[in-house]
Amino acid sequence: MTGGSEFETLIYATDGAVATVTLNRPDRLNTIVPPMPDELEAAVHRAVADASVKVIVLRGAGRAFCAGFDFGGGFHHWDDALTTEGEWDPGKDFVMATAPSVGPVPKFMSMWRSPKPVIAQVHGWCVGGGSDMALCADLVVASEDARIGTPYSRMWGAYLSGMWLYRLGLTRAKEYALTGKPLSGREAADIGLINEAVPLASLEETVRALAERLASIPLSQLSAMKLVVNQAYENMGLASTQTLGPILDGLMRNTPDAHSFIELSQREGVSRAAAQRDAPFGDYSQAPASGRPDPANRIDPVSRPPRT
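Residues numbered from 1 in each chain as written. Predicted model: local features only at pLDDT ≥ 70, side-chain atom pairs only at ≥ 80, totals over all residues. Heavy atoms only, no water.

Asks: Could you clarify how one ought to interpret the pairing of strand 10 (residues 139-143) in this entry?
Replies: Burial analysis of strand 10 places four of its five residues in the buried class, the great majority of the element. Bridging between strand 8 (residues 118-122) and strand 10 involves four bridges; their strand directions are parallel. Directly across from Ile119, in strand 10, lies its bridge partner Leu139. (Buried < 20%, exposed > 50% of the residue type's maximum accessible area, 1.4 Å probe, protein only. Helix = DSSP H or I, 4+ residues; strand = E, 2+ residues; numbered from the N terminus. Pairing = 2+ DSSP bridges.)

Asks: Looking at this structure, how should I read the pairing of strand 3 (residues 18-23)?
Replies: For a regular strand, side chains alternate in direction, first toward one face of the sheet and then toward the other. Burial within strand 3 is extensive, with six of its six residues counted as buried. Neither face of strand 3 is left uncovered, since the one carrying Val18, Thr20 and Thr22 and the one carrying Ala19, Val21 and Leu23 both have all their residues buried. In this structure, strand 2 (residues 10-15) lies alongside strand 3, joined through six bridges in antiparallel fashion. From the neighbouring strand, Leu10 faces strand 3, where its bridge partner is Leu23.

Asks: How do you make sense of unusual backbone geometry when you look at a structure like this?
Replies: The phi angle of most residues is negative, glycine excepted, and most peptide bonds adopt the trans form. Following Pro34, the chain continues into Pro35 via a peptide bond in cis, with omega recorded as 5°. By the element assignment, Pro35 lies in the loop between strand 3 and helix 1 (36-49).

Asks: Please explain the sheet that holds strand 9 (residues 125-127) as it appears in this structure.
Replies: Taken together, four strands build an open sheet; the order of strands is 5-9-11-12 and the sheet is mixed. Strands at the two margins of the open sheet, each flanked by one partner only, are strand 5 (64-66) and strand 12 (183-184).

Asks: Teacher, can you tell me more about the nonpolar core here?
Replies: Soluble, globular proteins show a tendency: their nonpolar side chains are buried together. Among the nonpolar cores identified, the biggest contains 63 residues, and Val122 and Met133 are the most heavily contacted of them. With five residues, helix 1 is the single largest residue contributor to this core. Among residues more than four places away in sequence, those in contact with Val122 are Phe65, Ala134, Val140, Val141, Ala142, Ser143, Ala146, Ile148 and Leu203. Formed by 14 residues, the second largest nonpolar core is a distinct cluster that contains Ile119, Leu203, Ala211 and Leu222. (Core = buried A, V, L, I, M, F, W, Y, C linked by side-chain atoms within 4.5 Å. Contact = heavy atoms within 4.5 Å.)

Asks: How should I be thinking about the packing of helix 3 (residues 90-98) against helix 12 (residues 238-252) in this particular structure?
Replies: Packed helices, taken two at a time, are described by the angle between their axes plus the distance between the axes. Contact geometry of helix 3 with helix 12 gives a least axis separation of 9 Å together with a crossing angle of 140°. As for how helix 3 packs across helix 12, the hand of that crossing is right-handed. Taken together, the residues of helix 12 that come into contact with helix 3 (itself represented by Asp93, Phe94, Ala97 and Thr98) are Thr243, Pro246, Ile247 and Gly250. Of the residues that constitute the contact of helix 3 with helix 12, the class distribution is four nonpolar, three polar and one charged. (Axes fitted to C-alpha atoms, helices over the stretch in contact; angles between N-to-C directions. Left-handed = near helix turned anticlockwise from the far one by under 90°. Nonpolar A, V, L, I, M, F, W, Y, C, P; charged D, E, K, R; others polar.)

Asks: Looking at this structure, I do not really get the packing of helix 13 (residues 256-268) against helix 14 (residues 270-278). What am I missing?
Replies: Two numbers describe how helix 13 lies on helix 14: the axes approach to 6 Å, and their chain directions differ by 135°. In terms of their interaxial angle, helix 13 and helix 14 are classed as oblique. Contacts between helix 13 and helix 14 involve Phe261, Leu264, Ser265 and Glu268 from the former and Val270, Arg272, Ala273, Ala274, Gln276 and Arg277 from the latter. In terms of residue class, the contact of helix 13 with helix 14 is built from five nonpolar, two polar and three charged. (Parallel < 35°, antiparallel > 145°, perpendicular 65-115°, else oblique.)

Asks: Sorry, what's going on with the pattern of salt bridges here?
Replies: Tallied over the full model, the rule gives 21 salt bridges. Here Glu41 and Arg113 are joined by a salt bridge, their closest N and O atoms 4.0 Å apart. Remark: Arg113 occurs in helix 5 (residues 110-113) and Glu41 occurs in helix 1; sequence separation between them is 72 residues. Of the residues examined, Glu41 reaches a relative accessible area of 14% and is grouped as buried. Between Glu175 and Lys181 there is a salt bridge, and its shortest N-O distance comes to 2.5 Å. Judged by its relative accessible area of 25%, Glu175 falls in the partly exposed class. Look at Lys181 and you get partly exposed, because its relative accessible area is 30%. Where salt bridges share partners, they join Asp38, Glu41, Lys107 and Arg113 into one cluster. (Salt bridge = Lys/Arg side-chain N within 4 Å of Asp/Glu carboxyl O.)

Asks: Looking at this structure, I do not really get the state of the cysteines. What am I missing?
Replies: Two cysteines whose sulfur atoms are joined by a covalent bond form what is called a disulfide. On inspection of all chains with the given rule, the structure shows zero disulfides. In this structure Cys66 is a free cysteine whose sulfur lies 7.2 Å from that of Cys126, the closest cysteine sulfur available. Exposure remark for Cys66: the relative accessible area of 0% places this residue in the buried category. Owing to a relative accessible area of 2%, Cys126 belongs among the buried residues under this scheme. (Disulfide = S-S within 2.5 Å.)

Asks: How should I be thinking about the environment of Ala158 in this particular structure?
Replies: You can see Ala158 is positioned in the loop between strand 11 (147-149) and helix 7 (163-167). A sequence separation of 102 residues divides Ala158 from Ser260, and the C-alpha atoms of the two residues are 17 Å apart. With near-sequence residues (within four places) excluded, Ala158 lies in contact with Tyr152, Gly245, Leu248 and Asp249.

These values are about where atoms sit, not about what they do.
Below, the structure is given as structure tokens:
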């Protein structure tokens, strides 16, 4: 496996026809901070430009795929793009949210726009913006005990990429939009949100086998089939959804309730704010051990996915 170490938040490596992008902030559950969206886009572009690569795999190091955007410090990672003189600037926010050159969602959508298929390999927590990221991939394979959800449905956010809506029918989409309840990897596969769920022990082998099967098909065929499916969903209004969602997300981060949520997280810690949010539902931070990913399930950031 070959790769470079010039990225701050991820690792890029290639092995034969497969490029692997590993989110690499394991001590923070791979939460999203600058420059992760930019680096994800750059890694995808590198794989697209590499004639030897036919398939891209996205995964997370440590015990999670991605636990969403990092708001532990009150979202100050993004202050330059969202505030003016210390106050939220809605004009800056909507520009940052929707501009292809700066917005996180357009960066995630580099996977959608890639002519080469992208497989998201999900384990552990895949929540909030992390789920929006993963669902921009073409295929999603998860460990059975992974937890996929949008706790921001209850506080401090809105659907970003819209992929929850387009991967689920109306009945399920409304259910998960309004409750924010998480699914295990197995449950997500059973309702069609993702493609497959397997035990963690066989996750990397399963993803590698899938990537190599795809790589056996001519790239022009893969690209043509991906394009026709993508175009059908573009015609359903995907771009409009991805404009509205991040704008609503900015508004929901700045309601009185949202300000109280952030003030509590700054004063007493993120875990206390999350506990207050999740207590009525008994999930996410308040779930019993059986409702959480196994903390022993980890992905080595420099591991070489097994060849089949």
